[in-house]
Amino acid sequence: RLHDPSLLVRRTTVIVLSNLIMNEMVKVKGQISDLALCIVDPEDIIAAMACSFFFELAKKGNALYNVMPDIISRLSSPDLNLPEPKFQLILK
């Protein structure tokens, strides 16, 4: 649902996933790279929420460092065809 055409659906999904991950109700796995893609979402509110999530995740010990390989691997996949400037922005 993070790639749904509806802004409301994407926004709600970011909120729900963020809360579940931050409260350790779900393990951080595949959805984290899709959440990272939300940083370059065309809607500013979605991008801001995704950035906020990663800032908060960075405060939780090594949680962000542990998922970086998954994020980099998914974002650098040729199937995703992510432009280099967007890739750099997400990793920044």
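Going by the structure above, here's the rest.
Heads up: these notes are all about the structure in this document. From a predicted model like this one, the values you see are computed outputs, not experimental measurements. (Residues numbered from 1 in each chain as written. Predicted model: local features only at pLDDT ≥ 70, side-chain atom pairs only at ≥ 80, totals over all residues. Heavy atoms only, no water.)

We now examine the pattern of salt bridges. Under the criterion given, the structure shown has five salt bridges. With a closest N to O distance of 3.1 Å, Asp-41 and Arg-10 form a salt bridge. Of the two residues, Asp-41 sits in the loop between helix H2 (31–37) and helix H3 (44–58) while Arg-10 sits in helix H1 (residues 7–22), which places them 31 residues apart along the sequence. Residue class for Asp-41 comes out buried when judged on its relative accessible area of 13%. One salt bridge connects Lys-59 with Glu-56, and the closest N-O pair in it is separated by 3.3 Å. Among the residues examined, Lys-59 registers a relative accessible area of 63% and is labelled exposed. (Salt bridge = Lys/Arg side-chain N within 4 Å of Asp/Glu carboxyl O. Helix = DSSP H or I, 4+ residues; strand = E, 2+ residues; numbered from the N terminus. Buried < 20%, exposed > 50% of the residue type's maximum accessible area, 1.4 Å probe, protein only.)

Taking 1.5 Å as the rise per residue, helix H4 (residues 63–75) with 13 residues should run 18 Å; its terminal C-alpha atoms sit 18 Å apart, in good agreement. In H4, a bend of some 30° at Pro-69 exceeds every other bend along the element. Three or more residues of H4 are buried, namely Leu-64, Val-67, Ile-71 and Leu-75. On the buried face of H4, the contacting elements are H2, H3 and helix H5 (84–91). (Expected span 1.5 Å × (residues − 1). Bend = angle between axes of the 7 residues up to and from the residue. Contact = heavy atoms within 4.5 Å.)

The next thing to look at is the nonpolar core. Counting 25 residues, the largest nonpolar core has Ile-32, Phe-53, Phe-54, Leu-57 and Ile-90 as the members making the most contacts within it. Sorting the residues of this core by element identifies H1, H2, H3, H4 and H5 as the ones contributing at least two each. The element that contributes the greatest number of residues to this core is H3, accounting for six residues. (Core = buried A, V, L, I, M, F, W, Y, C linked by side-chain atoms within 4.5 Å.)

Further remarks concern the packing of H4 against H5. In the contact formed by H4 and H5, the axes pass within 11 Å of each other and the chain directions differ by 170°. Considering their axes alone, H4 and H5 lie roughly antiparallel with respect to each other. In this structure, H4 contributes Met-68, Ile-72 and Leu-75 to the contact, and H5 contributes Phe-87, Ile-90 and Leu-91. Its residues assigned to classes, the contact of H4 with H5 shows six nonpolar, no polar and no charged. (Axes fitted to C-alpha atoms, helices over the stretch in contact; angles between N-to-C directions. Parallel < 35°, antiparallel > 145°, perpendicular 65-115°, else oblique. Nonpolar A, V, L, I, M, F, W, Y, C, P; charged D, E, K, R; others polar.)

Quick look at the side chain of Thr-13 now. Within the fold, Thr-13 resides in helix H1. Aside from chain neighbours lying at most four places away, what touches Thr-13 is Arg-1 and Leu-2.

That's the geometry; what it means functionally is another story.
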